[in-house]
Amino acid sequence: MTNQKHQFDASPVVVEDLAPALRLSLRVKPAHRATLGQALGLDLPTRVGACKVAGGTEALCLGPDEWLITAPEGTDLASPACAVYATAPHSLVDISDREITLRLSGPAVLDLLAACCPRNVAAMPVGSAARTVFDSATVILWRDGPTDFRMDIWRSFVPHVRSLLSQVQGEIAAGL
């Protein structure tokens, strides 16, 4: 389901499925962060919520020793990580099948997100991301532009989140 749109015709918010991607959960001690980042070909950010992009691979810092790495499907990041394991012990787990990603965009996207997300998404800087909740579902929210977000959702929560998004889209379209 690549770029399938779920929207009401009059809604100023578009919700789209994005193509599947490689998604890795990385845990590494701060002392080994630079070595592993060099092996992966990207700088692993140190500030929680910060993102770094290099050659189509994106790293999001989720904690002092935790990152979410995304890359196009078919990218091999396991081999270079394995090559430095002896000097930079780490945990690198493929979680690609665990989540799907939706793109949320349009002039009313902040209203859409505010309906079910307690985080002040308007204050999120462009180029940042955060682990948060959407109603009762834990999600990762990426801010790609002033009115452009991505939302990573665990597959088991997708029907619930889609239902809420559709309901709020309808309310926005109705002017509520």
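On a predicted model such as this, the values are computed, not experimentally measured, just so you know. Along each chain, the written sequence defines residue order, and numbers are assigned to residues from 1. Restriction of local features to residues with pLDDT of at least 70 applies here, the model being predicted, together with a cutoff of 80 or more for giving and counting side-chain atom pairs; totals for whole chains, interfaces and linings are based on all residues. The basis for the side-chain values is all heavy atoms of the structure; hydrogens and waters are excluded.

Scored from 0 to 100, pLDDT reflects the predictor's confidence in each residue. Confidence along the protein chain averages 92 in pLDDT terms, with 94% of residues attaining 70 or more. Any two residues having at least one pair of non-hydrogen atoms within 4.5 Å are treated as being in contact. Counting contacts from residues 4-10, a segment whose pLDDT is below 50, to residues more than four positions away or on other chains yields 17 contacts.

Moving on: the packing of aromatic side chains. Ring pairs are drawn from Phe, Tyr and Trp, using the six-membered ring of Trp, whenever the two centres fall within 6.5 Å, and their geometry is named by plane angle: stacked under 30 degrees, edge-to-face over 60, tilted for the rest. With the rule as written, the count across this model stands at zero aromatic pairs. For a Lys NZ or an Arg CZ to count as sitting over a ring, it must be within 6 Å of the ring centre and within 35 degrees of the ring normal. Lying over the aromatic face of Trp142, Arg150 brings its terminal NZ or CZ to 4.4 Å of the ring centre.

Let us now look at the sheet that holds strand S7 (residues 99-105). Taken in spatial order, the five strands line up as S1-S7-S10-S9-S8 in an open sheet, and their pairing is antiparallel. Strands with a single pairing partner mark the edges of an open sheet, and in this sheet they are strand S1 (14-17) and strand S8 (129-134). For this sheet the average axis-to-axis angle between neighbouring strands, irrespective of direction, equals 30°. Should DSSP find at least two bridges between two strands, the strands are taken to pair. Secondary structure follows DSSP: runs of H or I at least 4 residues long count as helices, runs of E at least 2 residues long count as strands, and numbering of each begins at the N terminus. Pairing of strand S9 (residues 137-145) with strand S10 (residues 148-154) involves six bridges; the strand directions are antiparallel. Looking at the pairing, Ile140 lines up with Asp152 of S10. Against the sheet, helix H4 (residues 158-173) makes contact with S1, S7, S8, S9 and S10, and its axis sits at roughly 10° relative to S7, the strand it touches most. Lines fitted to C-alpha atoms define the axes, with helix axes restricted to the stretch in contact, and inter-axis angles between N-to-C directions lie between 0 and 180 degrees.

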